[in-house]
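Chain residues, written in single-letter form:
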Amino acid sequence: MLPVINSFSFECLGVHIGSRVHAGGSAPNSATWPSATLALGVPLNIDRSYTVKSTFTANGAAAAGNTEVSIYTLGGLQLMSTGAVTMSGTNVPQVYTLPTPVYLSPGSYMMFMGCSSTTAQFLRLSTTATRNAKMMGMAQIASGPPLASQVTLASTTSTYLPLFGISNYTLV
Amino acid sequence: MASSAFQFPTEGQVNYNGVAISAGSRESIGVPLAAQFQVPTSTAWPLANLALFVPFEIYRWWTLQNFLAVNGATVSGNVDVGVYDDDGERLVSMGSTAQSGTSAEQLFNLADYPLSPTTPNCYLAMSMDNTTGTVQAWTPTAPFAACLGVLEMTSAFPLPPTATFALSTRAFIPELTLLARSFA
């Protein structure tokens with residue numbers, strides 16, 4: 001695995017995107033977050049142990065509200081979270097260094113990004129249809145940030161696929 | 001930036017390095033690059049003496065023989081190419097070389113260099129001493145490149161023995177390839 005894993009990586013939805021979205025797809029662009037206090041999740045499959053030292057969001061043309069990056073088990077138990085972080089900076093990656101690195105063993109997880117504001121913009125891909133997002137295994141949490149430590153993961157109702165991720169460096 | 005510890009592959013992993021390790025390949029950032037639905041185009045180097053570093057992973061012993069970059073419609077000045085580890089230490093580089101040949105690949109015949117799985121996380125590196133020369137590059141909207149782990153260093157021509165990494169601020173990812181074989 002590369003040090004940086006993002007939602008478009010092999011470990012997440014990269015291959016799915018290429019096979020499902022390409023025909024109707026367009027390049028990622030800055031777009032407003034689809035719904036306040038919504039978190040969108042992508043599968044995270046890692047075949048080796050991985051230590052999360054930092055997270056990042058790909059901030060777009062407008063910053064507003066709070067963001068949160070979190071990792072859950074498939075059963076909805078929170079393993080790691082940045083907590084609510086004030087969104088800062090436009091058209092840059094916003095990096096958050098975890099106070100304590102979090103170890104993930106090989107396996108399947110869900111990696112979530114949440115935002116409190118529909119004014120905020122992020123670099124994102126449109127899945128063009130909600131069914132594409134569902135078929136790739138995307139999920140959502142209807143409340144957060146802040147995200148709860150135990151949640152019920154729901155199937156996504158959005159076509160919004162944000163670029164965000166984790167790193168085992170402190171410099172994305 | 002601390003080195004990642006070597007981890008023995010486990011059964012069932014599809015971990016291999018092909019003949020060509022490219023910015024567009026599985027060992028590098030090829031998968032997320034494909035998700036941005038753009039192909040490389042001829043683009044001027046973004047800043048004189050800027051070095052860009054594209055991450056890739058080594059799964060097993062792999063001997064580097066050649067380095068390829070693809071020149072665009074205009075060539076100018078000098079370029080340098082090489083490989084760094086994730087501590088920013090230069091493993092191998094070509095040294096300053098005149099950019100030569102428009103709209104064609106330029107081969108850099110490096111001394112054979114064995115890349116080791118004990119240093120699994122490395123970087124393809126390229127630097128150019130001017131902004132007139134063009135190369136084939138992906139130009140995704142910022143901060144896409146940084147979110148893929150692409151790094152940069154200013155005032156880095158020729159490529160220095162030790163790089164000071166910073167997140168790339170450019171909408172620019174050069175098309176670079178390492179080859180394990182020389183092809184006539």
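What comes next concerns the included structure.

Cut-offs and rules
- Residues numbered from 1 in each chain as written.
- Chains lettered and ligands numbered in written order.
- Predicted model: local features only at pLDDT ≥ 70, side-chain atom pairs only at ≥ 80, totals over all residues.
- Heavy atoms only, no water.
- Core = buried A, V, L, I, M, F, W, Y, C linked by side-chain atoms within 4.5 Å.
- Buried < 20%, exposed > 50% of the residue type's maximum accessible area, 1.4 Å probe, protein only.
- Contact = heavy atoms within 4.5 Å.
- Pairing = 2+ DSSP bridges.
- Helix = DSSP H or I, 4+ residues; strand = E, 2+ residues; numbered from the N terminus.
- Axes fitted to C-alpha atoms, helices over the stretch in contact; angles between N-to-C directions.
- Salt bridge = Lys/Arg side-chain N within 4 Å of Asp/Glu carboxyl O.
- Buried area = accessible area lost by both parts, 1.4 Å probe.
- Polar contact = N/O pair within 3.5 Å; in protein donor to acceptor, adjacent residues only side chain to side chain.
- Disulfide = S-S within 2.5 Å.

**Points about the nonpolar core**
Residues Leu 44 of chain A together with Leu 178 of chain B are the most contacted members of the largest nonpolar core, which totals 83 residues. With near-sequence residues (within four places) excluded, Leu 178 of chain B lies in contact with Val 19, Ala 20, Ile 21, Phe 56, Trp 62, Leu 64, Asn 66, Phe 67, Val 83, Leu 115 and Leu 124 of chain B.

**Thoughts on the sheet that holds strand 13 (residues 173-174) of chain B**
Strands belonging to one sheet form pairs held by backbone hydrogen bonds; the direction of such a pair is parallel or antiparallel. Residue and element names in this part refer to chain B. A sheet is described by the order of its strands in space; here three strands give the open sequence 2-10-13, paired in antiparallel fashion. Edge positions in the open sheet fall to strand 2 (41-44) and strand 13, since each of these has one partner strand only. One ladder, built from four bridges, connects strand 2 with strand 10 (residues 134-138); its direction is antiparallel. Along strand 10, the bridge assignment pairs Ser 42 with Gln 136.

**Focus on the environment of Val 39 of chain B**
Residues and elements named next belong to chain B. Following the sequence through the fold, Val 39 ends up in the loop between helix 1 (30-34) and strand 2. Between the C-alpha atom of Val 39 and that of Gln 136, which follows or precedes it by 97 residues, the distance is 9.0 Å. The contacts of Val 39, once residues within four sequence positions are left out, are Ala 137 and Trp 138.

**As for the sheet that holds strand 10 (residues 121-126) of chain A**
All names here are of chain A. Across the sheet, which stays open at both edges, the three strands sit in the order 2-10-13 with antiparallel pairing between neighbours. In this open sheet, the two strands that pair with only one neighbour each are strand 2 (29-32) and strand 13 (160-162). Shown here is a sheet whose adjacent strand axes are inclined to one another by a mean of 65°, direction ignored. Sheet topology places strand 10 next to strand 13; three bridges connect them, and they run antiparallel. The residue of strand 13 that forms the bridge with Ser 126 is Tyr 160.

**A short note on the pattern of salt bridges**
Counted by the stated rule, this structure contains three salt bridges over all chains. Residues joined by salt bridges that share partners form a network here, namely Asp 47 and Arg 48 of chain A together with Glu 57 of chain B.

**Details of the interface of chain B and chain A**
Taken together, the 36 residues of chain B in the interface contact 35 residues of chain A. With both sides pooled, the region where chain B packs onto chain A buries about 2700 Å², and carbon together with sulfur makes up 67% of that total. Across the chain B-chain A interface, the total number found is one salt bridge. When the shortest N-O distance is used, the salt bridge between Glu 57 of chain B and Arg 48 of chain A registers 3.2 Å. Across the chain B-chain A interface, the total number found is four residue pairs in polar contact (both at pLDDT 80 or more).

**Some points on the state of the cysteines**
On inspection of all chains with the given rule, the structure shows zero disulfides over all chains. Cys 147 of chain B supplies the cysteine sulfur nearest to Cys 12 of chain A, a cysteine that is in no disulfide, at a spacing of 13 Å. By relative accessible area, which is 4% here, Cys 12 of chain A ends up buried. For the unlinked cysteine Cys 115 of chain A, the closest cysteine sulfur is that of Cys 147 of chain B, found at 15 Å.

**Observations regarding unusual backbone geometry**
Cis geometry marks the peptide bond from Pro 145 of chain A to Pro 146 of chain A; its omega dihedral reads 0°. Considering the arrangement of structural elements, one finds Pro 146 of chain A in the loop between strand 11 (139-141) and strand 12 (154-155). Cis peptide bonds are those with omega within 30 degrees of zero, and the linkage from Ala 142 of chain B to Pro 143 of chain B qualifies with 10°. Assignment of secondary structure puts Pro 143 of chain B in the loop between strand 10 and helix 2 (144-147). For Thr 37 of chain A, which is not glycine, the phi torsion reads 50° and is therefore positive. Tracing the backbone through its elements, the reader meets Thr 37 of chain A in the loop between strand 2 and strand 3 (38-46).

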